[in-house]
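So you can see what is in the structure, the chains are spelled out below.
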Amino acid sequence: VLQISESAKNYVKTARVHLVRELKNLSVIVQNLNQKGVLGEEEVSLIQAEKTDENKRRMILDSVIKKGEAACYELLKIIDMTRKRTLGRLPFLSEKTNETSRETKFDLHHWISCFSFKEEPQMDRNYLQGILGQKSGCHLLHFSLFILVGKPGIGKTALTHEMLRLWAERESKELDYMFYFDMREKAHITNVKNLEDLLFTVFSEPDEGKDEVLQDIKRHSDNVTIIFDGLTDLSSPVVEKLLNKDLLPLAKIIITCRADDEDEDLFSGNFDRVEVKGFSEQTIKTYLSATLGEDQKKVLSNLELITLCHVPMYALMVAACVSSKHVPQPCTITEIYINIVRFCLQINSKTKKKDLNSFISTKTEEILSLAEVAFLATQQKSVNLTNLTCKDSCVLSFLKPLLIKEAVTETITTHAFLHYTVQEFFAALWLLTNPDKIRDVFQQCLTEEKKHMKHLIPFMCRLLNEKSPSLMKHLIPDQDLKNTSNWYFKELINTFLPHLCDTST
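Residues numbered from 1 in each chain as written. Predicted model: local features only at pLDDT ≥ 70, side-chain atom pairs only at ≥ 80, totals over all residues. Heavy atoms only, no water.

(A) Region of the structure containing the overall build of the protein chain. For the protein chain, the count of helices and strands is 24 helices and seven strands. Counting only residues that meet the buried cut, the protein chain has 48% of its 505 residues in that class. Of all intrachain contacts in the protein chain linking residues separated by at least 6 positions in sequence, the fraction that spans at least 24 positions is 70%. Within the structure as shown, the protein chain displays about 26200 Å² of accessible surface, and the carbon and sulfur contribution to it stands at 51%. (Helix = DSSP H or I, 4+ residues; strand = E, 2+ residues; numbered from the N terminus. Buried < 20%, exposed > 50% of the residue type's maximum accessible area, 1.4 Å probe, protein only. Contact = heavy atoms within 4.5 Å. Areas by Shrake-Rupley, 256 points an atom, 1.4 Å probe, with all protein chains shown as cover.)

Written out as structure tokens, the structure is:
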């Protein structure tokens, strides 16, 4: 039994005259109604036999209305999920009013968005016509720019990858386009000169008919979705034009960024902001139960570990640490990263645990060389590691290769850390070996341009701690570390406490 807040049958009946006049791509509607069991094969044949589209529309609507509430609800769902095909493009504001009669034109897009659909645990993929069907309410009709905001590791990138997966696995045979760009790997994006370069050189060039594909993208920009993952600035003129709707005006643009990178100049105009919150307390329990079974109690009884698990990426790491039976369990993300660094060095060098500390000391120069590159890249808000001189395979195990297409037959290989927070960890490590620069970084954190450097501070606080697991004491002399620790925390408080007091008042 359908339990919805308003009658689907009445909703369809009140808009019947407009639907008879404006519904498009009737084959899409008929096919979906047939798949859902609303229309039988004989009814489909009768509809198809009608000579005019207007008669087909009348027959579809009258048949569905006659079948009652459930059938009308299915029709509304079909229209909602196929709206860009069955309702055409969104009307511009000037088109909604007839200039001569001053009568307001009935907006079917607004009409379908205002119907109160019941909450469903999973969207039926038979209806998917692109990844963002603008389904969640009337206000979304005014936006084609979506900004996903969240903490590091909260799942912004994972969410965009899920969008890509759903798009790739969709059953729809309708032609549409989705492009994904990791903006942290932006060295090859900043220099593009036009839309064609961005889509076909940076992303992927079609096997044939490139000009035809580009023209189709431009003519039907409402069928295009572009994801800019990790956008921090508008150094690319082409990206800026896409955000300003100078190119592909009807395309859906999806941006992910940290809250620190939200900027009025960067994100001006109409957009829909979505905050990615991470795991709720119940989701944490469900996840740990599925991954750890009875061992979940070790996490649920530890407040520090529970706090970490609100960030999905950290929940994965905590589960991995508990599964390894490591005692004691790491309670901060820095401790987890120290363990990851030590473990990677151990397995890639085939060093025994008892000899690992000595081995780390022999790799000080290579590790600090990588850490310096991480620091310089972090300052520039980039993950593209340039000027990488280290060639040691053990140290390079923390990186992934990036292939950048320079020309049709030429690519160059650069590197990036497996996750941006790992890069920040190494940047913090390098900063502690160069304590004379720490005060400058503290001051940078108070500026708009360099405020992202504050993410290094929690890593430095734990790296200065002498307790196990240890890393810094194998890279620099103990006394140097103690000397930095003696003034570091006092300087930290003196720099940021007055600033916090000023903002609170």
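(B) The arrangement of the sheet that holds strand β1 (residues 145–149) in detail. One open sheet accounts for five strands, arranged β2-β3-β4-β1-β5; its pairing is parallel. On the outer flanks of this sheet lie β2 (177–182) and β5 (272–275), each paired with one strand and no other. For this sheet, the mean angle separating the axes of adjacent strands, direction not counted, is 15°. Bridge analysis of β2 against strand β3 (residues 224–229) gives six bridges, and the strand direction is parallel. Within β3, the position partnered with Met 178 by the bridge is Thr 225. Relative to β2, helix α11 (residues 195–203) is tilted by about 75°, and along the sheet it contacts β2 and β3. (Pairing = 2+ DSSP bridges. Axes fitted to C-alpha atoms, helices over the stretch in contact; angles between N-to-C directions.)

(C) Here's a closer look at the nonpolar core. Counting residues in hydrophobic clusters, the biggest one holds 80 residues, and the most contacted among them are Tyr 337, Phe 425 and Phe 426. Take this core: its biggest share by element is nine residues, from helix α21 (residues 420–432). Setting aside chain neighbours within four positions, we find Tyr 337 in contact with Met 313, Tyr 314, Met 317, Thr 421, Val 422, Phe 425 and Phe 459. The next biggest cluster of nonpolar side chains, apart from the first, holds 32 residues, and it includes Tyr 11, Ile 29, Leu 87 and Trp 111. (Core = buried A, V, L, I, M, F, W, Y, C linked by side-chain atoms within 4.5 Å.)

(D) Molecular detail of unusual backbone geometry. Of note in this structure, Lys 245 is not a glycine but carries a positive phi near 70°. Looking at where Lys 245 falls in the secondary structure, it is placed in the loop between α13 (237–243) and β4 (252–257). One non-glycine residue, Leu 248, lies in positive phi territory at about 45°. The exposure class assigned to Leu 248 is buried, which follows from its relative accessible area of 4%.

(E) Just the packing of α11 against helix α12 (residues 210–219), in detail. Packing of α11 against α12 leaves a shortest axis separation of 11 Å and a crossing angle of 120°. One finds that α11 runs oblique with respect to α12. With respect to the hand of their crossing, α11 and α12 are arranged in right-handed fashion. Facing Leu 195, Glu 196, Leu 199 and Phe 200 of α11, the residues of α12 in contact are Lys 210, Val 213, Leu 214, Ile 217 and Lys 218. Split into classes, the residues belonging to the contact of α11 with α12 amount to six nonpolar, no polar and three charged. (Parallel < 35°, antiparallel > 145°, perpendicular 65-115°, else oblique. Left-handed = near helix turned anticlockwise from the far one by under 90°. Nonpolar A, V, L, I, M, F, W, Y, C, P; charged D, E, K, R; others polar.)

(F) Representation of the side chain of Thr 351. With respect to the secondary-structure elements, Thr 351 resides in the loop between α18 (333–349) and α19 (356–362). A polar atom in the side chain of Thr 351 sits 2.5 Å from the side chain of Ser 349. With sequence-adjacent residues up to four places away left out, Thr 351 is seen in contact with Gln 346, Leu 356 and Phe 359. (Polar contact = N/O pair within 3.5 Å; in protein donor to acceptor, adjacent residues only side chain to side chain.)

(G) Representation of the pattern of salt bridges within the structure. Evaluated as defined, the whole model comprises 17 salt bridges. The shortest N-O distance in the salt bridge between Glu 169 and Arg 165 comes to 2.7 Å. Its relative accessible area of 40% is what places Glu 169 among the partly exposed residues. On the accessibility criterion, Arg 165 (32% relative accessible area) is partly exposed. Connected via shared salt-bridge partners are Glu 162, Arg 165 and Glu 169. (Salt bridge = Lys/Arg side-chain N within 4 Å of Asp/Glu carboxyl O.)

(H) Representation of α21 in the model. Here α21 is 13 residues long and its end C-alpha atoms lie 19 Å apart, about the 18 Å a rise of 1.5 Å per residue gives. α21 sits mainly inside the fold: 13 of its 13 residues count as buried. (Expected span 1.5 Å × (residues − 1).)

(I) Structural context of the packing of helix α3 (residues 26–35) against helix α5 (residues 53–67). Packing of α3 against α5 brings their axes to within 11 Å, and their N-to-C directions diverge by 25°. Classified by the angle between their axes, α3 and α5 sit roughly parallel to one another. For α3 against α5, the interelement crossing comes out left-handed. Contacts between α3 and α5 involve Leu 26, Ile 29, Val 30 and Leu 33 from the former and Asp 53, Lys 56, Arg 57, Ile 60 and Val 64 from the latter. Among the residues making up the contact of α3 with α5, the classes are represented as six nonpolar, no polar and three charged.

(J) Representation of the environment of Val 64. You can see Val 64 is positioned in helix α5. For Val 64, a relative accessible area of 0% translates into the label buried. Taking the C-alpha atoms as reference points, Val 64 and Glu 74, separated by ten residues in sequence, lie 9.1 Å from one another. Setting aside its immediate chain neighbours within four residues, Val 64 contacts Leu 33, Val 38, Ala 71, Cys 72 and Leu 75.

(K) Seen up close, the environment of Tyr 420. Here Tyr 420 is to be found in helix α21. As a C-alpha pair, Tyr 420 and Thr 378 span 42 residues in sequence and 8.7 Å in three-dimensional space.

(L) The arrangement of helix α20 (residues 364–379) in detail. Taking 1.5 Å as the rise per residue, α20 with 16 residues should run 22 Å; its terminal C-alpha atoms sit 22 Å apart, in good agreement. Counting buried positions along α20 yields twelve of 16 residues, so the element is predominantly enclosed. If you check which residues of α20 are buried, you get Thr 364, Ile 367, Leu 368, Ser 369, Leu 370, Ala 371, Val 373, Ala 374, Phe 375, Ala 377, Thr 378 and Gln 379. Lys 381 occupies a position one or two residues after α20 and carries a positive phi of about 55°.

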